[in-house]
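This is what each chain is made of:
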Amino acid sequence: MGLKEYQYKILVVGDLGTGKTSILKRYIHNTFTSNYKSTIGVDFALKIIQIDPNTIVSLQMWDIAGQERFGSMTQAYYRGAIGAFIVYDATRPLTFQNVSRWKNDIDTKVELPLAWGGGSIPVVLLANKIDQHPNTRSPKEMEEFCRENSFAQWFETSAKENTNIDQAAEYLISHIVQLE
Ligand code: GTP
Ligand code: MG
């Protein structure tokens with residue numbers, strides 16, 4: 001029995017200041033800072049995890065600046081991605097309204113490999129900053145929104161308090177491994 005190694009490119013998108021970089025910092029380095037330094041273009045982060053005794057996954061996380069939704073680069077950034085997180089800010093309703101725009105951007109610009117049957121890549125929705133403000137949408141509304149907009153799942157997260165970040169990542173990874 002050999003060791004299986006998978007490499008996945010994962011996108012993290014959503015409006016300006018919703019907490020994409022903070023979520024990745026928490027996930028990868030277990031740190032948080034309240035200083036806001038907006039991402040320019042795209043940043044990269046790598047995390048290697050062992051999901052079972054025979055399987056290693058290396059995750060290449062693409063942290064895409066919120067302002068890129070208005071740019072012409074997202075198609076290039078999305079190429080080869082196999083999964084995504086869309087992050088909104090539970091304290092700012094406008095960032096939720098833009099979630100479906102981000103979803104549409106991903107769905108129209110990237111597809112799963114043909115060997116996997118093609119089609120949309122799995123996307124998980126994150127309602128971030130719930131330490132500051134409870135999510136204004138009920139679980140039922142969130143489920144309905146996810147069904148209508150073809151999200152694989154949703155989580156309420158806090159990068160500050162380390163809420164549900166690992167759970168969301170685990171969910172997306174196991175979802176992708178099943179497609180493999
Ligand atoms: P862009 O790179 O500009 O697109 O922003 P971003 O989505 O990467 O946001 P970033 O992670 O830089 O966070 C923006 C601000 O929100 C920072 O001041 C963070 O400290 C703060 N922040 C991020 N996540 C949380 C959270 O879960 N709770 C609280 N209270 N603040 C958060
Ligand atoms: Mg950022």
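Before going into details, it helps to say that this report is about the structure given with it. Worth saying up front: this structure is predicted, and the values here are computed from it rather than measured.

### Points about the site of ligand 1
For step 1, the next point in the chain: Close to ligand 1 lie 24 residues; Lys20, Ser22, Tyr36, Ser38 and Asp131 are nearest.
For step 2, the next point in the chain: Take Thr33: an N or O atom from its main chain is 2.8 Å from an oxygen atom of ligand 1.
For step 3, the next point in the chain: The fraction of the free accessible surface of ligand 1 (660 Å²) that becomes covered by protein chains is 94%.
For step 4, the next point in the chain: Its residues assigned to classes, the shell around ligand 1 shows five nonpolar, 14 polar and five charged.

### Remarks on the pairing of strand β5 (residues 123–128)
For step 1, the next point in the chain: By the criterion of burial, β5 is predominantly enclosed, with six of the six residues buried.
For step 2, the next point in the chain: Going residue by residue along β5, you find Val123, Leu125 and Ala127 tucked away on one face and Val124, Leu126 and Asn128 tucked away on the opposite face as well.
For step 3, the next point in the chain: Direction of pairing for strand β4 (residues 83–89) relative to β5: parallel, over a ladder of six bridges. Its bridge partner being in β5, Phe85 is matched across the sheet by Val124.
For step 4, the next point in the chain: Taken together, the four bridges between β5 and strand β6 (residues 153–156) define a ladder with parallel strand orientation. Its bridge partner lying in β6, Leu126 is registered against Phe155.

The rules behind these values
- Each chain carries its own residue numbering, running from 1 in the written order of its sequence.
- Key to labels: chains lettered from A, ligands numbered from 1, both in the order written.
- Under the rules for a predicted model, residues below a pLDDT of 70 receive no local features and side-chain atom pairs below 80 are neither given nor counted, while totals for whole chains, interfaces and linings still include all residues.
- Excluded from the side-chain calculation are hydrogens and water; included are all heavy atoms of the structure.
- Residues are classed as near a molecule or strand on a simple rule: at least one heavy atom within 4 Å of it.
- Contacts described as polar in this section are N or O atom pairs within 3.5 Å, which, within protein, must combine one atom able to donate a hydrogen with one able to accept it, while residues neighboring in sequence count only if both atoms come from side chains.
- Residue burial considers only the protein chains on display, and all accessible areas are found by Shrake-Rupley using a 1.4 Å probe.
- Classes in brief: Ala, Val, Leu, Ile, Met, Phe, Trp, Tyr, Cys and Pro nonpolar; Asp, Glu, Lys and Arg charged; the others, Gly included, polar.
- Partly exposed describes any residue whose relative accessible area lies between the buried limit of under 20% and the exposed limit of over 50%, with all areas from a 1.4 Å probe on protein chains only and scaled to the type maximum.
- Numbered from the N terminus, helices here are DSSP runs of H or I no shorter than four residues, and strands are runs of E no shorter than two.
- By this definition, two strands are paired if DSSP reports at least two bridges between them.

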